[in-house]
Amino acid sequence: MEENRKKVLSCIQPSGMLTLGNYIGALKNWVAMQNEFDCTYAVADLHAITVRQEPAKFRQQIYSTAALLLALGIDPEKNTMFIQSHVAAHSELAWILSCYTQFGELSRMTQFKDKSAKHADNVNVGLFSYPVLMAADILLYQSDLVPVGADQKQHLEIARDIATRFNHVYGDVFTIPEPYIPKIGARVMSLQDPTKKMSKSDENINSWVAILDSKDDIIRKFKRAVTDSDNRICVSEDKPGVSNLIGIYSAVTGKSAEQVTAEFEGKGYGDFKIAVGEAVAEELKPIQERYQTFISDKKQLEDIYRQGDEKAFYAARKTLSKVKKKVGFVL
Ligand code: ATP
Ligand code: LTN
């Protein structure tokens, strides 16, 4: 029965506190997909070191990210949840694929341009070849679908291009993956500057909501969210702040934008912002409670990801051996 279910893969970097953007744009789908598909999810620690990490804090973030995935409801029995660096095939395949990736195509990646501007003192080669490692993550597991936020679409396209190029030379080695991007919440915007995406690395903490923020902090951040002066609650291009709040409210309540507009007809931004904050806090509360149980039992957490590492190892080894044979390595 496992065989004919479509394969899903996604990863998340343990690069800080996970945000409402990560949750709505990606993680909510990870949970929703696990009953229908054969899912593999990883903590992308190798990707996270493209930006300098402080070792002790980094280690905690890796544990915390794994615990949060479990708290969200990812079931490690039904799926594979593992730590990227524990499966060496990711680094090995990334090297091989880098020889089938052009310098020019990597130079066009907008995330590389943004991140190298932001970390101008550390424009390392890993930051540049980041999409190749991401392609290796995806292609190793012969993934059909990759649930991500809209910001990762370009990286998915390059993974498809690399796979297509490789298949063209060597025959059908890789499944060509499709992105799976939510209709609502594909790009949750900063609460302080709704023209920028909500990002956990934004130094203005009022611009993002962490999945683990307290109810008070969540409501305070929404109360301070930047909107505009006309007090109309509707989606419109010239109202990015209000549109973003409507998107967030829709994503957590399941209501359409029209229903939200009707619900707040005649009410002001003040009431609306509190309602959004309360709905978000309500959605996150059970996750926060479960998180505490997983993070306080390191032994259980380690057992879970070790089991995942092993399952991932076997699946990855199969593809890597095939690739090595096709390329002409002696096995
Ligand atoms: P950073 O902000 O440090 O660059 P990130 O949050 O963009 O990190 P990841 O943690 O690896 O990067 O992202 C995990 C997933 O969350 C990805 O699928 C990404 O598309 C999604 N995501 C991140 N930010 C948002 C956002 N603001 N809106 C929707 N989806 C998002
Ligand atoms: N680059 C991604 C994280 C990531 C990923 C992946 C997502 C690493 N490997 C494989 C999907 C599939 C990001 O969201 N920043």
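Residues numbered from 1 in each chain as written. Chains lettered and ligands numbered in written order. Predicted model: local features only at pLDDT ≥ 70, side-chain atom pairs only at ≥ 80, totals over all residues. Heavy atoms only, no water.

*Asks:* I'd like to hear about the overall build of the chain, residue by residue, with values.
*Replies:* Each helix and strand in the chain was counted, giving 13 helices and five strands. C-alpha atoms of the chain, sized along the principal axes, occupy 70 × 45 × 40 Å. Put simply, the chain has 331 residues, and 51% of those count as buried. Of the roughly 15900 Å² that the chain leaves accessible, carbon and sulfur atoms contribute 52%. One finds the centroid of the 42 positive side-chain charges in the chain at a distance of 3 Å from the centroid of its 42 negative side-chain charges. (Helix = DSSP H or I, 4+ residues; strand = E, 2+ residues; numbered from the N terminus. Buried < 20%, exposed > 50% of the residue type's maximum accessible area, 1.4 Å probe, protein only. Areas by Shrake-Rupley, 256 points an atom, 1.4 Å probe, with all protein chains shown as cover. Lys, Arg positive; Asp, Glu negative; His and termini not counted. Charge placed at Lys NZ, Arg CZ, Asp CG, Glu CD.)

*Asks:* So, the packing of aromatic side chains: which residues are in play, and what are the values?
*Replies:* Counting across every chain of the model gives 12 aromatic pairs. Centroid distance Tyr 100 to Tyr 170: 6.0 Å. Interplanar angle 70°. Geometry classified as edge-to-face. One end of the pair, Tyr 100, is in the loop between α4 (89-98) and α5 (103-107); the other, Tyr 170, is in helix α8 (residues 153-170), with 70 residues separating them in the sequence. Aromatic pair Phe 103 and Phe 128: ring centres 4.9 Å apart, planes at 40°, arrangement tilted. (Phe/Tyr/Trp six-rings, centres within 6.5 Å; stacked < 30°, edge-to-face > 60°.)

*Asks:* An account of the site of ligand 2 is requested, with residue identities and associated values reported.
*Replies:* Residues in contact with ligand 2 amount to 13 residues; listed here are only the nearest, Gln 13, Tyr 130, Met 134, Asp 137 and Gln 152. In this structure, a nitrogen atom belonging to ligand 2 sits 2.6 Å away from a side-chain N or O atom of Tyr 130. The separation between a nitrogen atom of ligand 2 and a polar side-chain atom of Asp 137 is 2.6 Å. When ligand 2 is considered free in solution it has 360 Å² of accessible area, and contact with the protein chains removes 91% of it. (Near = heavy atom within 4 Å. Polar contact = N/O pair within 3.5 Å; in protein donor to acceptor, adjacent residues only side chain to side chain.)

*Asks:* An account of the pairing of strand β3 (residues 80-83) is requested, with residue identities and associated values reported.
*Replies:* Of the two faces of β3, the one lined by Thr 80 and Phe 82 and the one lined by Met 81 and Ile 83 are each fully buried. Strand direction decides the pairing type here: strand β2 (residues 38-43) and β3, joined by four bridges, are parallel. Its bridge partner lying in β3, Thr 40 is registered against Thr 80. (Pairing = 2+ DSSP bridges.)

*Asks:* Could you give an account of helix α3 (residues 55-72), with specific residues and numbers?
*Replies:* Compared with the 26 Å implied by 1.5 Å per residue over 18 residues, the 26 Å span of α3 between its first and last C-alpha is a close match. In terms of burial, α3 is largely enclosed, as 13 of its 18 residues are buried. Just beyond α3, the residue with positive phi is Gly 73, at close to 115°. (Expected span 1.5 Å × (residues − 1).)

*Asks:* Break down the site of ligand 1 for me, with residues and values.
*Replies:* Among the 21 residues in the neighbourhood of ligand 1, the closest are listed as Asp 151, Val 188, Lys 197, Ser 199 and Lys 200. Note that an oxygen atom of ligand 1 is positioned 3.3 Å from one of the backbone N or O atoms of Gln 13. Its residues assigned to classes, the shell around ligand 1 comprises six nonpolar, 10 polar and five charged. (Nonpolar A, V, L, I, M, F, W, Y, C, P; charged D, E, K, R; others polar.)

*Asks:* Break down the packing of α3 against helix α13 (residues 298-327) for me, citing the residues and quoting the values.
*Replies:* Two elements in contact, α3 and α13, have axes separated by 11 Å at closest approach and are oriented at 75°. What the angle tells us is that α3 and α13 run roughly perpendicular. Residues Gln 60, Tyr 63, Ala 66, Ala 67 and Leu 70 of α3 form the contact with α13, whose own contacting residues are Lys 298, Leu 301, Glu 302, Ile 304 and Tyr 305. (Axes fitted to C-alpha atoms, helices over the stretch in contact; angles between N-to-C directions. Parallel < 35°, antiparallel > 145°, perpendicular 65-115°, else oblique. Contact = heavy atoms within 4.5 Å.)

*Asks:* Break down the nonpolar core for me, with residues and values.
*Replies:* One finds Leu 20, Tyr 23, Leu 27, Leu 69, Phe 222, Ile 248 and Val 280 to be the most contacted residues of the largest nonpolar core, which totals 64 residues. Not counting residues up to four positions away in its chain, the partners in contact with Val 280 are Leu 20, Ile 218, Phe 222, Ile 248 and Val 252. Listed in part, the 39 residues of the second largest apolar core include Phe 112, Phe 128, Ile 162 and Val 173. (Core = buried A, V, L, I, M, F, W, Y, C linked by side-chain atoms within 4.5 Å.)

*Asks:* Explain the environment of Asp 137 residue by residue, including any values.
*Replies:* Residue position: Asp 137 is located in helix α7 (residues 125-140). Between the alpha carbons of Asp 137 and Cys 11 there is a distance of 8.2 Å; along the sequence they are 126 residues apart. Ignoring anything within four residues of it in the chain, the contact list for Asp 137 reads Leu 9, Cys 11, His 47, Gln 84 and His 90.

*Asks:* Pulling in residues and values, what's your account of unusual backbone geometry?
*Replies:* Peptide bonds are, in most cases, trans, and in most cases residues other than glycine have a negative phi. In this model, Gln 142 sits at a positive phi of 50°, which is unusual for a non-glycine residue. The exposure class assigned to Gln 142 is buried, which follows from its relative accessible area of 18%. Not every positive phi belongs to a glycine, and Asn 231 is a case in point at roughly 65°. Here Asn 231 lies in the loop between α9 (215-223) and α10 (240-253).

*Asks:* An account of the state of the cysteines is requested, with residue identities and associated values reported.
*Replies:* Applying the stated rule across the entire model yields zero disulfides. Between Cys 39, a cysteine without a disulfide, and Cys 11, which holds the nearest cysteine sulfur, the sulfur-to-sulfur distance is 12 Å. (Disulfide = S-S within 2.5 Å.)

*Asks:* Before we move on, could you go through a positive patch on the surface and cite the residues and values that matter?
*Replies:* Residues Lys 318, Lys 322, Lys 325 and Lys 326 make up a contiguous surface patch of positive charge. Relative to the helices and strands, Lys 318 is located in helix α13. Overall, Lys 318 belongs to the exposed group, its relative accessible area being 66%. (Patch = residues over 30% accessible without salt bridge, like charges linked within 9 Å, V, L, I, M, F, W, Y side chains within 5 Å. Salt bridge = Lys/Arg side-chain N within 4 Å of Asp/Glu carboxyl O.)

Keep in mind these values describe shape, not function.
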